[in-house]
Amino acid sequence: MPTKSTISIKFSKLFLGICMLLLSVPANAQCAMCRAALESSGNAVKAEAVNDGIVFLMAIPYIIVAGIGFVVYKMYYKKK
């Protein structure tokens, strides 16, 4: 049976990993058509909004997978 300190270390590593996934790095993640439409308009604020929207849409699957992983982790250690 794992000790309390071992579980604490595992949870701190898990928390650190989740925090690292949630921190975003500025990215220019646009499809070719979005990039062409935004470059032709010359509106920097609109382009930045599209980039932020893409990053938020990309984060949702990671959050869902992390949630499922956490539930599985809790179920696994609940049996022990």
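Note on numbering: residues in each chain are counted from 1, in written sequence order. Local features are withheld for residues below a pLDDT of 70 in this predicted model, meaning they are given only at 70 or higher, and side-chain atom pairs are given and counted only at 80 or more; totals for whole chains, interfaces and linings count all residues. Where side-chain values are given, they derive from all heavy atoms of the structure, hydrogens and water being excluded.

## Quick look at the overall build of the chain
- We count a stretch as a helix when DSSP gives it H or I for four or more residues in a row; a strand needs E for two or more, and each element gets its number in order from the N terminus. Summing up its helical and strand segments, the chain has three helices and zero strands in all.
- Using a 1.4 Å probe, accessible areas were evaluated by the Shrake-Rupley method; residue-level cover was limited to the displayed protein chains. Total accessible area on the chain is roughly 6,900 Å²; 74% of this is exposed by carbon and sulfur atoms.

## Quick notes on the packing of aromatic side chains
- Aromatic pairs are defined between Phe, Tyr and Trp rings, using the six-membered ring for Trp, whenever the two ring centres lie within 6.5 Å; interplanar angles under 30 degrees are classed as stacked, those over 60 as edge-to-face, and all others as tilted. For the structure on display, the rule yields three aromatic pairs.
- Consider the rings of Tyr76 and Tyr77, whose centres lie 5.2 Å apart with planes at 85°: the pair is edge-to-face.
- The cut-offs for exposure are 20% and 50% of the maximum accessible area for each residue type, with area from a 1.4 Å probe on protein chains only; residues under the lower value are buried, those over the upper are exposed, and the others partly exposed. On the accessibility criterion, Tyr76 (44% relative accessible area) is partly exposed.
- Cluster of aromatic residues (ring-pair linked, three or more members): Phe11, Tyr73, Tyr76 and Tyr77.

## Observations regarding the confidence of the model for the chain
- Counting all residues, the mean pLDDT for the chain is 78, and 75% of those residues have values of 70 or more.
- A residue's pLDDT is simply how confident the predictor is in it, with values from 0 to 100. Here helix α2 (residues 32-41) is the element of the chain with the lowest mean pLDDT, 69, and helix α3 (residues 44-79) is the one with the highest, 86.

## Some details on the environment of Tyr62
- Its place among the elements puts Tyr62 in helix α3.
- Through-space distance from the C-alpha of Tyr62 to that of Leu22 is 8.8 Å; in sequence the pair is 40 residues apart.

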